[in-house]
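What follows is the residue order along each chain.
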Amino acid sequence: QVQLVESGGGLVQAGDSLRLSCVASGRAFISYRWAWFRRTPGKEREFVAAISQIFRTTYSDSVKGRFTISRDNAENTVTLQMNSLKTEDTAVYYCAGIQGVGIAASTDYQYWGQGTQVTVSS
């Protein structure tokens with residue numbers, strides 16, 4: 001069973017930076033596609049970024065150029081570096097993983113973290 005532990009959320013001002021981390025248990029980390037999603041109350045879950053097994057990255061248009069997703073297979077860790085934060089980035093951020101695919105819809109992801117709150121004030 002894969003367990004995900006997220007950290008790094010907090011309260012910051014617009015223009016600041018945060019780094020979110022997700023540490024996964026299990027020995028098959030290298031075979032997973034990892035992603036970050038976010039959700040604001042009353043709205044649908046939104047894709048943020050993903051990184052494939054071959055380190056190919058994908059970003060939503062809203063975060064492209066500001067956020068960077070990365071993975072460290074040796075440490076079973078996926079991170080999301082968030083720069084130039086905006087108030088509209090305020091959300092609960094979730095890491096998610098799926099094994100053996102190069103791309104997936106949010107509903108296809110097998111494992112999810114507990115979420116970490118990011119609040120950006122003006």
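Here's a quick rundown of the structure. Think of each chain on its own: its residues are numbered from 1, step by step along the sequence as written. The predicted nature of this model means local features are confined to residues of pLDDT at least 70 and side-chain atom pairs, given and counted, to a pLDDT of 80 or more, with totals for whole chains, interfaces and linings taken over all residues. Only heavy atoms go into the side-chain values, all of them from the structure, while hydrogens and water stay out.

**Considerations on the overall build of the chain**
- A count of helical and extended segments in the chain gives zero helices and eleven strands.
- Projected onto its principal axes, the C-alpha coordinates of the chain cover approximately 40 × 25 × 25 Å.
- A separation of at least 24 residues holds for 58% of the contacts in the chain among residues at least 6 apart in sequence.
- Residue-level accessible areas treat just the shown protein chains as cover; the underlying method is Shrake-Rupley with a 1.4 Å probe. Carbon and sulfur atoms form 49% of the exposed surface of the chain, whose accessible area is close to 6400 Å².
- Charge assignment: positive for Lys and Arg, negative for Asp and Glu; neither His nor the chain ends contribute. In plain terms, the charge of a residue is placed at NZ if it is Lys, CZ if Arg, CG if Asp and CD if Glu. Mean positive and mean negative side-chain charge positions of the chain (12 and 10 charges, respectively) differ by 3 Å. Per the convention used, a helix needs a DSSP run of H or I reaching at least four residues, while a strand needs a run of E reaching at least two, with both numbered from the N terminus. Throughout, a residue-residue contact means that at least one pair of heavy atoms, one from each residue, lies within 4.5 Å.

**Considering the sheet that holds strand β1 (residues 4-7)**
- Any two strands with at least two DSSP bridges between them are considered paired. Pairing is antiparallel across the open sheet formed by four strands, whose spatial order is β1-β3-β8-β7. Both edges of this open sheet fall to β1 and β7 (67-72), since each of them pairs with a single strand only. On average, each strand axis in the sheet is tilted by 15 degrees relative to the strand beside it, whichever way the strands run.
- The pairing of strand β3 (residues 18-24) with strand β8 (residues 77-82) spans six bridges and is antiparallel. Counted as the bridge partner of Arg19 is Gln81 from β8. In this analysis, axes come from line fits to C-alpha atoms, helices being fitted only over the stretch in contact, and the angle between any two N-to-C directions falls in the range 0 to 180 degrees.

**Re the state of the cysteines**
- Here, two cysteine sulfur atoms that lie within 2.5 Å of each other are counted as a disulfide. Across all of its chains, the model carries one disulfide by this definition.
- The disulfide that involves Cys22 links it to Cys95, with 2.1 Å between the sulfurs. Here the S-S torsion is close to 50 degrees, and the disulfide linking Cys22 with Cys95 is therefore right-handed. Of the two residues, Cys22 is situated in strand β3 and Cys95 in strand β9 (residues 91-99); the sequence distance between them amounts to 73 residues. Take Cys22 and Cys95: they sit in the same class, and that class is buried. Type-normalised accessible area, obtained with a 1.4 Å probe on protein chains alone, sets the label of each residue: buried when under 20%, exposed when over 50%, and partly exposed for intermediate values.

Geometric descriptors of this kind do not, in isolation, establish any biological role.
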